[in-house]
Every structure is written in structure tokens, then in C-alpha cells.
Amino acid sequence: MSAETVRTTAEIEIGGRRANPLAGAARRLFAAQEGILLLCIVALFLYLANRSPVFWTERNIGTLLTQISMVAITAIGMTLLIIAREVDLSVGSMQAFIGVLAMQTLNATENLFVGLVVALLVGAIVGLINAGLTLGLGISSFVVTLAMFSIVRGAAYTSTDAAVQNEHKIPAFRTIGIGAIIDEPVRIPWPVIIMAAVFIIFFLVLRGTTFGRYIYAVGGNPKAAALSGIPVNLVKTACFVITSMLAALSAFILIARMNSGQNNAGFGFELQVIGAVLLGGASLAGGKGTLIGTLLATILLGTISNGITLLKWDTNWQTAVPGIVIVIAVFLDALRRRVTREEA
Amino acid sequence: MMAETTTNATSPQTRAELGANGARPLLEMRGIRKVFPGVVALDDVDFDLLPGEVHALVGENGAGKSTLIKIIAGLYRRDGGTMRVDGEEVDFRSPADSIARRIKVVYQELDLVPGLSVAENVFLGGYPKTPRGLVDWPALRQQTVEVLSHLGLNIDPDRPVGELRVAEQQLVEIARAISRQAQILIMDEPTSALSPAEVEFLFGVIERLRQRGVGIIYVSHKLDEIYRIADRVTVFRDGKRVVTKAIKETTPHDLVAWMVGRELSEFFPKTPPQIGRPLLEVRNVSGSGVHDVSFTVHEGEVVGVFGLMGAGINTMGRVLFGASERTSGSVQLDGVEISPGSPADAIRKGLGLLTESRKDDGLVLPLPVKTNMTLASLSRFADFGWIRSRKETRAASDYVKRLAIKTPSLRQPVRFLSGGNQQKVLMARWMLLDLKVLILCEPTRGIDVGSKAEIYRLIDAMAHRGLGILFMSTEVPEILGISDRILVMREGRITAEFTRAEATHERLIAAAAVATNGDHAAASTHQGAASAAGARG
């Protein structure tokens, strides 16, 4: 990117000292969480490709990416929110509630667009409620969204006793879940392309816009941000709403994949999402984190899960292993920080 | 000044005199050195404390008092020199080592557990036990009552500490020291939150401790207190010990001279001001901690606002800027009313505020130098929200050069910079905007002397370009050095105004000092002058 070249010139101008650029790049790679994650992914890919003939096939990689797309899309929003020093525990319950609601809307209206808009709108409303309670009443977002976690789950159970089946038979609906945007030369499933689009949009927002910069400032020091004229509450509210709307988008993809809206969907989803964000290098203390880190962490966790299936290990480990990986990652991060003498 | 002639004197005769009762020093420190990146905090410092002595430590902010205390408390390790407690050489690696040597520090922020009772706090970490290993509650109560009565205190040992007044909490801390048989007690600004009656009581307690042979190191910049209770005084300046003397052999005037020491004229690059139209017009403003203030700052003018700690100078800055509540009055900038309670509005109209606590509400510590610099002016480098990175970087690197900010790169997280360079980053943040008036709250607080001089130079240069400057400070010399006009605050009100020509050290102090009880005017002014020179700890 152009930002990269500008930085380099600035460094030369000010630092005056210029090391071997390649060594510098390597050092920078491993001075960041992203470097460690990339290394882990490459190692794991090599291992799995070696152990399982199925792993490195177009079909399996497509499945892997489709499976992670929902966690990834929500985790993109969650990254923004966690950088802004807030968190949202209600995204898992929203998978159920918004999924049920969207499927009911689709059945009633037989209109894909209306269904999607309703899903996103309900997501936005949940985000506004989270923001309003957190910022308006000054309660921590952990507590507020923990309450929403159970309220929204309860709403999902109340709105239907059983899974809401697909009764509308809109052809394009299933395509979103299981279809592909192109088949040649490689098959790219719709969820993957949606994930990629969301990633690119928010990558640019976070890196290139004043809003993105303000998210870091608000999370890094809210008082300093306010005294610099930054609308702290507005920035945080936007992050809450973005997170919930992306969770709603994930929920929509989920019902399209399952062909039904289930009121028990998304159990533990919030932990997968938050785990991926933290593994990606963000900190609950705010002001820190990148979308590349989050995406790499999501891929790593998804690959582990995929590998457990392929190697026919006890699939119960699929629940436990991500937790273990996060502990290891945080440990490595602490170690790295000690080496580079960076404070927590 | 006279400092030079007395520098070498640990004053042998004084030591001989005090040591005549045959007492061995409780604490002896020789050639103590402590270096922080870029700063020598303590340079070849000698210090000792005798049993039953109150030894006062005085000096300006950053002179080295707190570093010395932290070394004694085991919070810092010294880089050089020797330290003996009770004649034995010691090397404290942690506060626990210091406590084991029966040393107790009572900090300004008390470290009590608010939810526990007085008795539980006094013996925290060493409760009396029953034979079965359980806490012996009756014994705990009994022993607490004993300790409290030693101090002449009448506090219910079962009351939670959180319910006590600050003065009582402080006494509980001292009781804790006694419960551990502390022989060295260090008190850091113990009277800053106390009423006159509570101060009297505290002095009574100190006297009892002295009679029990406890050695007390007393840090304060209130010289009147020091003259009441201290036996000896040690003055620090710029990390060096200037002098140690029996208090009887000194006058408050000497102490101030030793504390301030340096030649100040060359320090302040004051050029003749070109004062223009009125820019900031403050009319009858009241708000949280500020009462009915009115004044005007003109184009190209530096208006100094002087006040002692707690006088409300920084609060006034926040109220004008909209960071604290404004209940009445009007603030106009170049004829435009600034809405209360909105820093964003103030910035848009051309008013900036540099706060006194740069790490708390100034810098975003984990973010890079560049980001911190452009935080308030970012929209100027953006088209429709998209940051023009090249433009931003050019502006930031320009200021790094102009202000001579020492940083390896613009991407360096600002937390790794020294205090002086951090402050310059914040100055750059406001210089990047085309402000009309900039409010600076204690901009030289806690930074090294070299950076101080550079900040003064910047202030002068900004005024020359037509900016109005409102400069808040608790330090008389810098107020006198750079202001064109000086306002003095006390208890949230403006009590006096001086032109540069009229202002003297004594006049500022007289207007700033709180009128104490029956002391006759001359004495209180004199002691006030001394305490203000050391104001800020």
C-alpha cells in the first residue's frame, strides 16, 4: 500500500539509520501477532496436507472457508468494537433470534431483499440498545451484553417452539448459503466472497479513514480522545451497530446454509468470535488490534477444527482445542512483548 | 548563591552535636545514584536519619525527593552507593525487604483495604493466631486498642476503614507502622488533605513517636510545618543534595534559595510582546470549582495564571474549554460564544487545551507519535473521511523537526518517549491547528530542565505569531519568567492581577496563599513564599 512506502520514507528521514530492509521486514513480521499466526497456519497446512489426502483439495478448502465465514464476518465487527474498548457477548444469541426472525419474514413476504433488510435492521436495533445502555447508563458493555445474551436468546425461544423451516422456496436464498459465485477456474462459494468483501471494506475503513483512526484513539484513551474533539460516544455507538449488523449478516448466511431458522443456533458462537479477535492480537484494554490478525486467527482456528474432522480425532476436541490455542497464543504474545520490551 | 558555600557540609559539627547522645544512625546512605533513561534522578547523594529525629526533605518537583524515598521503600533499586540500616549494609529488592527492616512509608495515596475493619487493617498480614491456627479475634481487638491508645487515638477498631475520614485513615496507617514496630517512618506530604485541627493532632502523634525513638523522614513543601516539627532538613535540587543542616541554623529564605538555586533569567526567552485585539473574553464564569471569573486574553499576549495546588487554576482551564461543567457566565473567542461542555465546539472555534496530566488525558499511549500529533487536526488531512496519508506524514515529520522531538520514527508508540518529548508531541497536536487561543495547564510539570526551556521558547514563539496564551502554573519563577500579565487564583476565584512590571514573588504569594489563623501578616507571607516556591511535589 501507499501508506507503507510513506512510512518507510518517514523512517529514513527521521531515524537516519537504515538497516537491511529484508531483515527489517522479517523482524517486523515476528514482532507482530500476525507473523506468529501466519507461521502457525503454514505449519498446520503443511502438516495436514501431508497427513490427509483430502485436505489440500479445492472442495475441502472451499468448505473450510465457508465454515469460517460466519465467525469471520462477525469477528470483523467485533475487532472494531474491542479496539474501541467495548465488547458484545450477544452475537451468538443473535444468530438464533435474527435467523428465526429472518426466516419467518421470508416465509411471510417471499422476498429475499425484505428478509435481508429485516435481519440487518433488527441487528442494528440490538446494537443501538447495547450502545444506549452501555454509554447512556455508564454500565460496562460486558454486563450489558451479557444481559442481552440471555434476553435475545429468550426472544428466540419465545418466537418459535421449533426450527422455522424454509416454506418460501426462493431459489436465490439457498444460493447464498451453498451456491458459488464462480465455478471456474476455482469454485468460490458465496459466503466466502461475502466474507472477502466485508473484510476489504472494513480493512479500508480501519486503515484509511478518520473514523478508523478515531476507533483506536477512543479505545486507547477515551479522555484524551474527547479532549481532542473526537465524538467518543458516536464512534463507540457506530462500532456496536456495525458489530450487530455483521452478526445479523452471519445469521442470514447461517439460515441459508441450514435452510431453516433454529432457535438454538449459535451456542458458543460469541466465544469463537471474541477468541479469534483476541488471538488476532487485539486487547480487551482497547486501542490495539488489526483485521489481518483477526482474519488469520479465524483461519487458524477453522483449520484446526477442519483438521480434527479429517484426521478422525474425537470431535469433542473441536470445542476444547481453540481454547488451548488461545492460551498458547496469549502466552507467546506475552513472551514476544517481553523480548521487544513492549508494555501490555 | 550561598548554596555553593554550604554544599559540602554534611555539617560535621551538626552531626557531632546530634550524635552526641551516642545514637547510631538508623539509616545511612552514602553516594546514592539512580539513573533513569536520559535523566540522572539522584547523583551522589548522602543522607542519614537518627533515632528520635524528624528529618525534613524539601526540594522542587523532580529534585529527587521521591526517588530517594522509593529507594528506601524498596520500590527502586539504586544504581550506586551504599545503604545501611542499623549499621548493617542492605540491598532492598522489593518493598517486602524494606518492611522487614521495620521501615514504613505513609504515601499520599493510602494503601488501606477500605472494606476491612480498623483492627484488620492495622495488623494486616500478621494477625495474632489461636493455637489451632485461626485468627484470634479478641487478641486482635485488644492489641489494636493498645496501639491506638499509644497514639492517643479513640477509633472504634471494628469500624470499616472506608467509613473513616482521610485524617483518621492516615492515623490508621501510622498505627499499622507501630504494630510492626517500625523504626523508620516516612511521611510523604501527610498534611495535604488535613484540616488545621487534624494537622495539630498529627503533629502530636509525631512527637510521641519521636519520643519512642522512631526516626521520621518528613517530606513537605510547607515550610511553616517543617519549622514546627523538624530537627534537621535536607534540601534537594536537580537530583543532588544541596545541604543538610539543623533546622535552627537555617531561615526559610535560605531554604527557598537552596531549592531554586539556578539563574533563571536566561531560562526564559521572553521577547517584547505585540499585543493586539481581545481574543478570549471570559465574563462571570462559574462552574465546578470555579467562581465568577472574568478576564481577557489578547492577541499575542501570554497571560499567566498562578495559584497554589488546589486553587483551581487547571479546573478553570477545563471549564473554559468545555471539559468541565460551566454553570453560568460567557466565554467568547474572537467575538463568538463557545458552548459550555463541548471540547469539540471549542476546538472548532479556535480554542485548545493542553491538560496538566499528559498520560491520563493527553496522550493515547499505545498509538504512534504521528497519530498522537494529528489527533485533533485529523480532518484537515482527510477528504470525505479518507486520510491523505502522505499529507499527514509530511505535517507530522515537519513538527518532529521543528520541535526537535527525539523519536526513532513517526511510528514509535508515544509511550516510549521521554516526558519532555511527550509534552512536545502534545504541543505539536495543538500547533497543527490554527488556534486563536491556547490554554496550557502546567505544561512543564515533571519534565527535565532542557525540555522546560524549549517549551518556554515555543510559548514565546506562538505568542509572537499572534496566538493568545493562557498559561496556568503553580511555579512562581516560570510565571514571572514568561507572562505579560499575571492573574492569581485562590479557592476558585481570581484574587489579584499584576502587570509583568508589578509582579514580584512576594506579591504573587501574598495573593495566592490561604489566610491562615492568627499568624501576623509578615510571618505568614514569608512562610507562604517559601511553601509556594516548593509547591508541587
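Residues numbered from 1 in each chain as written. Chains lettered and ligands numbered in written order. Predicted model: local features only at pLDDT ≥ 70, side-chain atom pairs only at ≥ 80, totals over all residues. Heavy atoms only, no water.

1. Points about the overall build of chain A
- The helix and strand tally for chain A stands at 15 helices and 4 strands.
- Taking all 344 residues of chain A together, 51% fall into the buried category.
- Within chain A, counting contacts between residues at least 6 apart in sequence, those at least 24 apart form 76% of the total.
- Carbon and sulfur atoms form 68% of the exposed surface of chain A, whose accessible area is close to 15800 Å². (Helix = DSSP H or I, 4+ residues; strand = E, 2+ residues; numbered from the N terminus. Buried < 20%, exposed > 50% of the residue type's maximum accessible area, 1.4 Å probe, protein only. Contact = heavy atoms within 4.5 Å. Areas by Shrake-Rupley, 256 points an atom, 1.4 Å probe, with all protein chains shown as cover.)

2. Observations concerning the packing of aromatic side chains
Residues and elements named next belong to chain A.
- Evaluated as defined, the whole model comprises 6 aromatic pairs over all chains.
- Summarising the aromatic geometry, the rings of F45 and F55 are spaced 5.1 Å apart at their centres and angled 90° between planes, so their arrangement reads as edge-to-face. Placement of the pair is F45 in helix 3 (residues 33–51) and F55 in the loop between helix 3 and helix 4 (58–83), with a sequence separation of 10 residues.
- You can call F55 buried: its relative accessible area is 0%.
- Judged by centre distance (5.9 Å) and plane angle (65°), the ring pair of F45 and W56 falls under edge-to-face. Of this pair, F45 sits in helix 3 while W56 sits in the loop between helix 3 and helix 4, and the two are 11 residues apart along the sequence.
- Classification of F45 as partly exposed rests on a relative accessible area of 22%.
- Judged by relative accessible area, W56 falls into the exposed class, the value being 58%.
- Through a chain of ring-to-ring contacts, the aromatic side chains of F45, F55 and W56 assemble into a single cluster.
- The ring of F267 is capped by R153, whose NZ or CZ atom sits 4.0 Å from the centre of that ring. (Phe/Tyr/Trp six-rings, centres within 6.5 Å; stacked < 30°, edge-to-face > 60°. Lys NZ or Arg CZ within 6 Å of the ring centre and 35° of its normal.)

3. Topic: helix 6 (residues 112–137) of chain A
All names here are of chain A.
- The end-to-end C-alpha distance of helix 6, which contains 26 residues, comes to 37 Å, matching closely the 38 Å that a straight helix rising 1.5 Å per residue would cover.
- Where helix 6 is concerned, the buried positions are G115, A119, V122, G123, A124, V126, G127, N130, A131 and T134.
- On its buried face, helix 6 sits against helix 5 (91–109), helix 7 (141–159) and helix 12 (232–258).
- Where helix 6 begins, one side-chain oxygen reaches toward the backbone nitrogen of F113, 2.9 Å away; that side chain belongs to N111.
- Of the residues flanking the end of helix 6, it is G138, one or two places downstream, whose phi is positive at about 70°. (Expected span 1.5 Å × (residues − 1). Polar contact = N/O pair within 3.5 Å; in protein donor to acceptor, adjacent residues only side chain to side chain.)

4. Observations regarding the environment of K391 of chain B
Residues and elements named next belong to chain B.
- Structurally, K391 is set in helix 15 (residues 389–402).
- For the pair K391 and H298, spaced 93 residues apart in sequence, the C-alpha to C-alpha distance is 32 Å.
- Here K391 is in contact with R380 and F381, once residues within four sequence places are set aside.

5. Points about the pattern of salt bridges
Residue and element names in this part refer to chain B.
- For the coordinates displayed, the defined rule picks out 39 salt bridges over all chains.
- Across the pair E299 and R277 runs a salt bridge whose closest N-O atoms are separated by 3.1 Å. Placement of the pair is E299 in the loop between strand 12 (290–298) and strand 13 (302–306) and R277 in the loop between helix 10 (252–260) and strand 11 (278–287), with a sequence separation of 22 residues.
- On the basis of relative accessible area, E299 is assigned to the partly exposed category, the value being 25%.
- In this structure R277 comes out as partly exposed when scored by relative accessible area, which is 39%.
- Among the salt bridges present, the one from D334 reaches K436, with a minimum N-O distance of 3.7 Å. Within this pair, whereas D334 is found in the loop between strand 14 (326–333) and strand 15 (336–337), its partner K436 is found in the loop between helix 16 (419–431) and strand 19 (437–441), the two being separated by 102 residues in sequence.
- Overall, D334 belongs to the partly exposed group, its relative accessible area being 25%. (Salt bridge = Lys/Arg side-chain N within 4 Å of Asp/Glu carboxyl O.)

6. Details of the packing of helix 3 of chain A against helix 14 (residues 291–310) of chain A
Residue and element names in this part refer to chain A.
- Orientation of helix 3 relative to helix 14, taken along the N-to-C sense of each, is 25°, at an axis distance of 9 Å. In this view, helix 3 runs roughly parallel relative to helix 14, as classed from their interaxial angle. Crossing handedness for the pair helix 3 and helix 14: left-handed. Where helix 3 abuts helix 14, its residues E34, L37, L38, C40, I41, L44, F45 and L48 lie against I292, G293, L296, A297, I299, L300, T303, I304 and G307.
- Looking at the contact of helix 3 with helix 14 residue by residue, the class counts come to 13 nonpolar, 3 polar and 1 charged. (Axes fitted to C-alpha atoms, helices over the stretch in contact; angles between N-to-C directions. Parallel < 35°, antiparallel > 145°, perpendicular 65-115°, else oblique. Left-handed = near helix turned anticlockwise from the far one by under 90°. Nonpolar A, V, L, I, M, F, W, Y, C, P; charged D, E, K, R; others polar.)

7. Describing the pairing of strand 21 (residues 485–490) of chain B
All names here are of chain B.
- For strand 21, a buried count of 5 out of 6 residues is recorded, marking the element as mostly surrounded by other parts of the structure.
- Sheet analysis places strand 21 next to strand 22 (residues 493–499), joined by 6 bridges and oriented antiparallel. Paired with I486 across the two strands is F498, which belongs to strand 22.
- Between strand 21 and strand 22, which pair antiparallel one after the other, the connecting turn spans 2 residues, and E491 there sits at a positive phi close to 50°. (Pairing = 2+ DSSP bridges.)

8. A few points about the packing of helix 6 of chain A against helix 12 of chain A
- It is at 7 Å that the axes of helix 6 of chain A and helix 12 of chain A come closest, and there the two elements cross at 145°. Here the hand of the crossing between helix 6 of chain A and helix 12 of chain A comes out right-handed.

9. Focus: the nonpolar core
- Counting 100 residues, the largest nonpolar core has M78, F202 and L279 of chain A as its most contacted members.
- Leave out the neighbours within four places in its chain, and F202 of chain A touches I76, L80, I242, L246 and L291 of chain A.
- By size, the runner-up hydrophobic cluster in this structure holds 81 residues, among which are A396, V437, L508 and A511 of chain B. (Core = buried A, V, L, I, M, F, W, Y, C linked by side-chain atoms within 4.5 Å.)

10. Examining the sheet that holds strand 21 of chain B
Residue and element names in this part refer to chain B.
- Taken in spatial order, the 6 strands make up an open sheet running 16-19-20-13-21-22, and their pairing is mixed. The sheet terminates laterally at strand 16 (351–354) and strand 22, the two strands that pair on one side only. Neighbour-to-neighbour, the strand axes of the sheet open up by a mean angle of 20°, direction not taken into account.
- Both strand 16 and strand 19 contribute to a ladder of 4 bridges, which runs parallel.

11. Describing the confidence of the model for chain A
- The pLDDT averaged across chain A works out to 88; a share of 88% of its residues lies at or above 70.
- Between residues 1–19 of chain A, whose pLDDT stays under 50, and residues either more than four places distant or in other chains, the model counts 29 contacts. (pLDDT = per-residue confidence, 0-100.)

12. As for a nonpolar patch on the surface
Residue and element names in this part refer to chain A.
- Where nonpolar side chains cluster on the molecular surface, the patch consists of F113, V114, V117, L121, I125, I129, L133, L137, I139, F142, V143 and L146 and spans about 1100 Å² of accessible area.
- The biggest single contributor to the nonpolar patch is helix 6, with 8 residues.
- Assignment of secondary structure puts V143 in helix 7. (Patch = residues over 30% accessible without salt bridge, like charges linked within 9 Å, V, L, I, M, F, W, Y side chains within 5 Å.)

13. So, the confidence of the model for chain B
All names here are of chain B.
- Per-residue pLDDT for chain B averages 85, and the proportion of residues at 70 or more is 88%.
- Below pLDDT 50 for its whole length, residues 515–537 participates in 45 contacts with residues either more than four positions away or in separate chains.
- The ipTM value of the predicted complex is 0.86, and its pTM value is 0.74.

14. A closer look at the sheet that holds strand 10 (residues 240–246) of chain B
Residue and element names in this part refer to chain B.
- Within the open sheet, the 6 strands sit side by side as 6-7-8-3-9-10. Their pairing is mixed. Looking at the sheet topology across the chains shown, the edges are occupied by strand 6 (103–106) and strand 10. Here the strands of the sheet are splayed against their neighbours by 15° on average, with no regard to which way each runs.
- Two elements, strand 7 (residues 184–188) and strand 8 (residues 215–219), share 5 bridges in a ladder whose sense is parallel. By the bridge assignment, D188 is partnered in strand 8 with V219.
- Lying over the sheet, helix 7 (residues 166–179) contacts strand 6 and strand 7, oriented at roughly 175° with respect to strand 6.

15. Concerning helix 8 (residues 196–211) of chain B
Residue and element names in this part refer to chain B.
- For helix 8, which comprises 16 residues, the first-to-last C-alpha distance of 23 Å matches the rise-based estimate of 22 Å (1.5 Å per residue) to within 8%.
- Among the residues of helix 8, those classed as buried are E198, V199, L202, F203, V205, I206, L209 and R210. When helix 8 is viewed along its axis, its buried side chains cluster within an angular range of 160° and face the same direction. Summarising the geometry of helix 8, the exposed residues directed more than 90 degrees from the buried face are A197 and Q211.
- Where helix 8 is buried, its residues touch strand 3 (54–59), helix 7, strand 7, strand 8 and helix 9 (223–229). (Arc of directions from axis to C-beta.)

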